[in-house]
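Architecture and fold: a report
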Amino acid sequence: MHLVAFGLNHHTAPLSVREKLAFPAEVLPNALESLVGSHAAREAAIVSTCNRTEIYCNSNNPEQALQWLSQYHGLPVEELRPYLYQLDASSAARHAFRVASGLDSMVLGETQILGQLKDAVRAAENVGTLGSLLNGLFQRTFAVAKEVRSSTAVGSSSVSMSAAAVKLAEQIFPTIGELNILFIGAGEMIELVATHFAAREPSCITIANRTLERGQKLAEQFGGNAITLSELPDVLHRYDVVVTSTASQLPIVGKGLVERAIKARRHRPIFMLDLAVPRDIEIEVGKLDDVYLYTVDDIASIVEVGKEARQSAAEEAESIIQARVAEFNDWLKKRETVPLIRALRDEADRTRRHALEAALKQLAKGTPPEKVLESLSQQLTNKLMHPPTQALSSGSGAEHAAMVETIARLYHLHPES
């Protein structure tokens, strides 16, 4: 039983690398079953967001699990190693606690990651790859995050990525109220960003989604309208702001499409924010005149607002996490002794059964019960005392001294007194 975590995040890898290792929600069940089915891990949970891809697993062979990741995405291991971190049990717990508490996020103290972690655990539970080890880790992870949120101010004054999107747009356009805004996708991130833009009362909000019904449901929240992705070529030129976040594995908005839109707009600028990993907008679009293209990595400077105040609270959070990691390590050590305890009890039970069988045979022969009980007690005593007595009679030097001390402590003996 070995708890291991490995992966990459916005600290260790650029977006161009992170997007290659992303696991969209629809492929996650298959990926989890594939990882456990490959026997690289007995348990597994995969956390995949715009800022990180991390695999938590119970594995005797972490290298084999890493090979699985490499093969699954069709990328050479050596190409990945410079960006990957691999954590042992204690470090994996500390990392998970920090991630859930918002201490490892691009936005210090942000809360969205906790929901994403819970989604990852739920996905693993649904396909049966979440065993007792990972369940123990993540239940403690969620408890730590709750404790950090309730007892520190690490999340106060934070500027979320969705709020940062509005701030970026306001650097390009004088007022949001005069803009037509297009959101591509209808997931949680789009809903968060749309909520912040809607508060500025823009001229128009449109949701473009693969399925019209889901797009309409989200658009109704903001008094907007919905279209399908197939309509983008005909309407893109109408929008001043385009925010996209889908689970597509290929770009949805290409350079040619944006070139035609700019021409139709007579070179009025377009602000484009691509929050998807992998990216929804071709990277070449950023080279076009009159296009201001930003990705999740580009808004890092915006979300620094209020970080200094939250940094002080983060130090308090780190103290909480350090204490909880120590408790987790104690829990792991106790779990590691379970097989030994089970084997010890099984051996004691075998001794008991053999002595009982002998006693029953003596009773059947008519031996007086008093003699049978005396014999039974002596036999049990001899059997149970044989292993420690033999251990004390063998060995020498420091090993023997350690054995004497251990047995004295086990049986609460004080021979010197």
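Just so it is clear, the structure is predicted and the values come from calculations on it, not from any experiment. (Residues numbered from 1 in each chain as written. Predicted model: local features only at pLDDT ≥ 70, side-chain atom pairs only at ≥ 80, totals over all residues. Heavy atoms only, no water.)

As for the overall build of the protein
The condition is simple: Numbering of helices and strands runs from the N terminus; a helix is a DSSP stretch of H or I covering at least four residues, while a strand is a stretch of E covering at least two. Put simply, the radius of gyration uses C-alpha atoms, and a globule should come to 2.2 Å times the residue count raised to 0.38. Residue exposure (1.4 Å probe, protein chains only): buried if accessible area is under 20% of the type maximum, exposed if over 50%, otherwise partly exposed. Residues count as neighbours in contact if any of their non-hydrogen atoms are within 4.5 Å of one another.
Scanning the protein from N- to C-terminus turns up 16 helices and ten strands. Compactness check: the protein gives a C-alpha radius of gyration of 31 Å against a globular reference of 22 Å for 417 residues, more than 25% above the reference. Counting only C-alpha atoms, the protein reaches 110 × 45 × 40 Å along its principal axes. By the burial criterion, 44% of the 417 residues in the protein qualify as buried. Nonlocal contacts in the protein, meaning residues at least 24 apart in sequence, comprise 71% of its contacts between residues at least 6 apart.

Some words on the domain arrangement of the protein
Cut-off, in case you're wondering: All the domain ranges listed were derived from an automatic or database domain assignment. Buried area is understood as the total, over both parts, of accessible area removed when two parts are fitted together, assessed with a 1.4 Å probe. By salt bridge we mean one thing: a side-chain nitrogen of Lys or Arg within 4 Å of a carboxyl oxygen of Asp or Glu. In protein, a polar contact requires one atom able to donate a hydrogen and another able to accept it; more generally it is a pair of N or O atoms within 3.5 Å, and residues adjacent in sequence count only if both atoms are side-chain atoms.
The domains assigned to the protein are domain 1 (3-158), domain 2 (161-301) and domain 3 (336-411). Placing a centre on the C-alpha atoms of domain 1 and another on those of domain 2 gives a separation of 29 Å. Across the contact, 13 residues belong to domain 1 and 15 residues belong to domain 2. Together domain 1 and domain 2 conceal approximately 1300 Å² of surface at their shared face, both sides included; 61% is due to carbon and sulfur atoms. In this structure, the connection of domain 1 to domain 2 is made through two salt bridges. The residue R279 makes a salt bridge to E19 at a minimum N-O spacing of 2.9 Å. Counting the contacts that link domain 1 with domain 2 gives three residue pairs in polar contact (both at pLDDT 80 or more). At three residues, helix α1 (residues 15-18) tops the list of elements feeding residues into the side of domain 1 that touches domain 2.

Focus on the sheet that holds strand β3 (residues 52-58)
Counted only if it meets this: Strands are treated as partners if at least two bridges between them are detected by DSSP. Axis lines are fitted through C-alpha atoms, for helices just across the contact stretch, and the angle between N-to-C directions can take any value from 0 to 180 degrees.
On the basis of which strands lie adjacent, the open sheet formed by four strands has the order β2-β3-β1-β4 and antiparallel pairing. Across the chains shown, the open sheet's two edge strands, defined by having one partner strand only, are β2 (43-48) and β4 (85-87). This sheet shows a mean twist of 15° between the axes of neighbouring strands, independent of strand direction. Here β2 runs beside β3; their pairing, made up of six bridges, is antiparallel. When the sheet's bridge partners are listed, E43 is paired in β3 with N58. Each of β1 (3-9), β2, β3 and β4 is contacted by helix α3 (residues 62-73), which is oriented at about 35° to β1, the strand it contacts most. Here helix α6 (residues 112-127) sits on the sheet and contacts β2 and β3; the angle it forms with β2, its principal contact strand, is near 145°.

So, the layout of surface pockets
Using a probe with the size of a water molecule, rolled over the atoms, empty space left in the structure can be pinpointed. We count it as follows: Both site types are read off a 1 Å grid over the protein atoms alone. A 1.4 Å probe that fits but cannot get out defines a cavity, while an open set with protein on both sides within 12 Å along at least five of seven lines defines a pocket; lining residues have an atom within 4 Å of a point. Grid points are joined across faces, edges and corners, and a volume is the space filled by probe spheres set on the points.
What the largest pocket holds in volume is close to 1200 Å³. Contributing to the lining of the largest pocket are 39 residues, with P24, A25, E26, T246 and A247 lying nearest its centre. Going through the elements one at a time, α2 (28-37), β2, α6 and α9 (188-198) are the ones with two or more residues in the lining of the largest pocket. The biggest single contributor to the lining of the largest pocket is α6, with seven residues.

Quick word on the nonpolar core
This is how it is decided: What makes a nonpolar core is a set of buried Ala, Val, Leu, Ile, Met, Phe, Trp, Tyr and Cys residues whose side-chain atoms join them at distances within 4.5 Å.
Formed by 67 residues in total, the largest nonpolar core has its most connected members in L137 and F138. When sequence neighbours within four positions are dropped, the list of residues in contact with F138 reads A45, Y56, L117, V121 and L130. The next biggest cluster of nonpolar side chains, apart from the first, holds 38 residues, and it includes C50, F183, I207 and V303.

Things to note about the environment of S91
Assignment of secondary structure puts S91 in helix α5 (residues 89-100). As a C-alpha pair, S91 and L3 span 88 residues in sequence and 9.7 Å in three-dimensional space.

Comments concerning helix α15 (residues 369-393)
Selection criterion: By definition here, a helix of n residues has an expected span of 1.5 Å times n minus one. Fitting axes to the seven residues that end at a residue and to the seven that start at it, the angle between those axes gives the bend at that residue.
Between its first and last C-alpha atoms α15 spans 35 Å; for 25 residues at 1.5 Å apiece the expected length is 36 Å, and the two agree. Residue H386 marks the point of greatest curvature in α15, where the axis turns by about 45°; the proline P387 follows within four residues. Where α15 is concerned, the buried positions are V372, L376 and P388. Backbone geometry just after α15 places G395 at a positive phi near 80°.

Observations concerning the pairing of strand β10 (residues 291-295)
Residues V291, L293 and T295 point to one face of β10 and are all buried, whereas Y292 and Y294, pointing to the other face, are not buried. Across five bridges, strand β9 (residues 270-274) lies against β10 in parallel orientation. Paired with M272 across the strands is L293, a residue of β10.

Focus on the side chain of T49
Counting through the fold element by element, T49 comes out in the loop between β2 and β3. Among the polar contacts listed, one links the side chain of T49 to the backbone nitrogen of N51, at a separation of 3.1 Å.

Quick word on the sheet that holds strand β8 (residues 241-244)
Within the open sheet, the six strands sit side by side as β7-β6-β5-β8-β9-β10. Their pairing is parallel. What marks the edges here is a single partner per strand, and that holds for β7 (225-228) and β10. Neighbour-to-neighbour, the strand axes of the sheet open up by a mean angle of 20°, direction not taken into account. In the sheet, strand β5 (residues 180-184) pairs with strand β6 (residues 204-209) via five bridges, with the strands oriented parallel. Bridge pairing in β6 links L182 to T206. Against the sheet, α9 touches β5, β6 and β8, its axis set at about 170° to β5.

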